[in-house]
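Observations on the three-dimensional arrangement
This is what each chain is made of:
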Amino acid sequence: MKLLLIEDDATTADYVAQGLREEGHLVDALANGRDGLSQALGGEYDVIIVDRMLPELDGLSIVRAVRAAKIATPIIFLTAIGGVDDRIEGLNAGADDYLVKPFAFGELSARLTALARRPQTQAEQVVLEAGDLRMDLIARRVTRGGQEIDLLPREFALLEFLLRRKGRVQTRTMLLEGVWDLNFDPQTNVVETHISRLRNKVDKPFDRDLIHTVRGAGYRIEGG
């Protein structure tokens, strides 16, 4: 599994991250609530583990922001705040599970596995949409306003990647990893070249742009 751990206590973070990595999982660990939220909004994870008390942004705010962004990634609180009302508050904020410190690592591992097994609605989608843009994953067909758009395989893969993360900024690194499998030098302009080609086909012939550049961050596709 690919996991995001947002925990400011260095001892706990090291213990959890090391144990999970020894089990073969990929773990991104962050100690700052604001940085953790940014990573949660921009990355693709199987489960997010978050403490409640964090510097700059607390865990409840992180969970609420993730859910407001329509991200369905399972989230588990790992926290010393363990009252009944606290647990209810955490679950009502959008968390899927709540584990109180001190905890047994084996229980955390089992809960993460159970959360990751839950079916993800996004994976079952066969049609992706943004505004009047429609991608049929079965027919491998893209249309906008009913007009068919002919895309090369890599352009199709890039558009699919953006559509699956609609409304969320995708950095060059995310695109290189997700679309090109990191087979290219990070200094390459392959992302910019393909974004330009995609815009020429998806946006230029129409009166409203769907693909946007977020200066200093990356790219995002918009559309209700």
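Thresholds, definitions, all that
Residues numbered from 1 in each chain as written. Predicted model: local features only at pLDDT ≥ 70, side-chain atom pairs only at ≥ 80, totals over all residues. Heavy atoms only, no water. Helix = DSSP H or I, 4+ residues; strand = E, 2+ residues; numbered from the N terminus. Buried < 20%, exposed > 50% of the residue type's maximum accessible area, 1.4 Å probe, protein only. Contact = heavy atoms within 4.5 Å. Areas by Shrake-Rupley, 256 points an atom, 1.4 Å probe, with all protein chains shown as cover. Lys, Arg positive; Asp, Glu negative; His and termini not counted. Charge placed at Lys NZ, Arg CZ, Asp CG, Glu CD. Pairing = 2+ DSSP bridges. Axes fitted to C-alpha atoms, helices over the stretch in contact; angles between N-to-C directions. Phe/Tyr/Trp six-rings, centres within 6.5 Å; stacked < 30°, edge-to-face > 60°. Expected span 1.5 Å × (residues − 1). 1 Å grid on protein atoms, 1.4 Å probe; cavity = no way out; pocket = protein on both sides within 12 Å on 5 of 7 lines; lining within 4 Å. Points joined across faces, edges and corners; volume = space filled by probe spheres on them. Nonpolar A, V, L, I, M, F, W, Y, C, P; charged D, E, K, R; others polar. Parallel < 35°, antiparallel > 145°, perpendicular 65-115°, else oblique.

Next up on the list: the overall build of the protein chain. The number of helices and strands found in the protein chain is eight helices and 11 strands. For the protein chain, the C-alpha atoms occupy an extent of roughly 60 × 35 × 30 Å along the three principal directions. For the protein chain, buried positions account for 43% of its 224 residues. Relative to all contacts within the protein chain whose residues are 6 or more apart in sequence, the contacts with residues 24 or more apart total 57%. Within the structure as shown, the protein chain displays about 11,600 Å² of accessible surface, and the carbon and sulfur contribution to it stands at 48%. Treating the 29 positive side-chain charges of the protein chain as one cloud and the 35 negative ones as another, the clouds have centres 6 Å apart.

Let's shift gears to the sheet that holds strand E7 (residues 133–136). Within the open sheet, the four strands sit side by side as E6-E7-E8-E9. Their pairing is antiparallel. Each edge of the open sheet is held by one strand with a lone partner, namely strand E6 (127–130) and strand E9 (147–149). For this sheet, the mean inter-axis angle between neighbouring strands, taken without regard to orientation, is 25°. Sheet topology places E6 next to E7; four bridges connect them, and they run antiparallel. Opposite Ala130, over in E7, you have Leu133 as the bridge partner.

A separate point is the packing of aromatic side chains. In this structure the tally under the stated criterion is three aromatic pairs. Ring geometry for Tyr15 and Phe105: centres 6.0 Å apart, planes at 75°, overall edge-to-face. A residue pair is termed long-range when its members are at least 10 positions apart, and Tyr15 in helix H1 (residues 10–22) and Phe105 in helix H5 (residues 105–117) qualify at 90 residues. The exposure class of Tyr15 is partly exposed, given its relative accessible area of 45%. Summarising the aromatic geometry, the rings of Phe77 and Tyr98 are spaced 5.5 Å apart at their centres and angled 50° between planes, so their arrangement reads as tilted. Taken together, the positions of Phe77 in strand E4 (residues 75–79) and Tyr98 in strand E5 (residues 97–100) put the pair 21 residues apart, joining distant regions of the chain.

Before going further, it helps to examine the pairing of E6. Of the two faces of E6, the one lined by Leu128 and Ala130 is fully buried and the one lined by Val127 and Glu129 carries no buried residue. Here E6 hands over to E7 after two residues, with Gly131 in that stretch at a positive phi of 60°.

This brings us to H1. Its 13 residues place the ends of H1 18 Å apart at the C-alpha level, agreeing with the 18 Å of an ideal helix rising 1.5 Å per residue. Looking at the buried side of H1, the elements it contacts are strand E1 (2–6), strand E2 (26–30), strand E3 (47–50), E4 and H5.

Roughly 260 Å³ of internal volume is contained in the second largest pocket. Lys2, Gly43, Glu44, Met174 and Glu177 are, among the 15 residues lining the second largest pocket, the residues nearest its centre. Mapped onto the lining of the second largest pocket, the elements with two or more residues apiece are helix H2 (33–42) and helix H7 (172–180). Here the residues of the lining of the second largest pocket sort into three nonpolar, seven polar and five charged.

So, about the packing of H7 against helix H8 (residues 190–202). Packing of H7 against H8 leaves a shortest axis separation of 10 Å and a crossing angle of 80°. By the angle between their directions, the pair H7 and H8 is classed as roughly perpendicular. Counting all contacts with H7, which are made through Arg172, Leu175, Leu176 and Trp180, the residues of H8 involved are Val190, Val191, Glu192 and His194. Considering only residue class, the contact of H7 with H8 consists of five nonpolar, one polar and two charged.

Think of two packed helices as two axes; the pair is described by the angle between the axes and how far apart they sit. The interhelical angle for the contact between helix H3 (residues 59–68) and helix H4 (residues 84–93), taken along N-to-C directions, is 25°, at an axis separation of 8 Å. Between H3 and H4, the angle is such that the two are roughly parallel. For the pair H3 and H4, contact is made by Leu60, Val63, Arg64 and Arg67 and by Glu89, Gly90 and Ala93, respectively. When its residues are assigned to classes, the contact of H3 with H4 shows three nonpolar, one polar and three charged.

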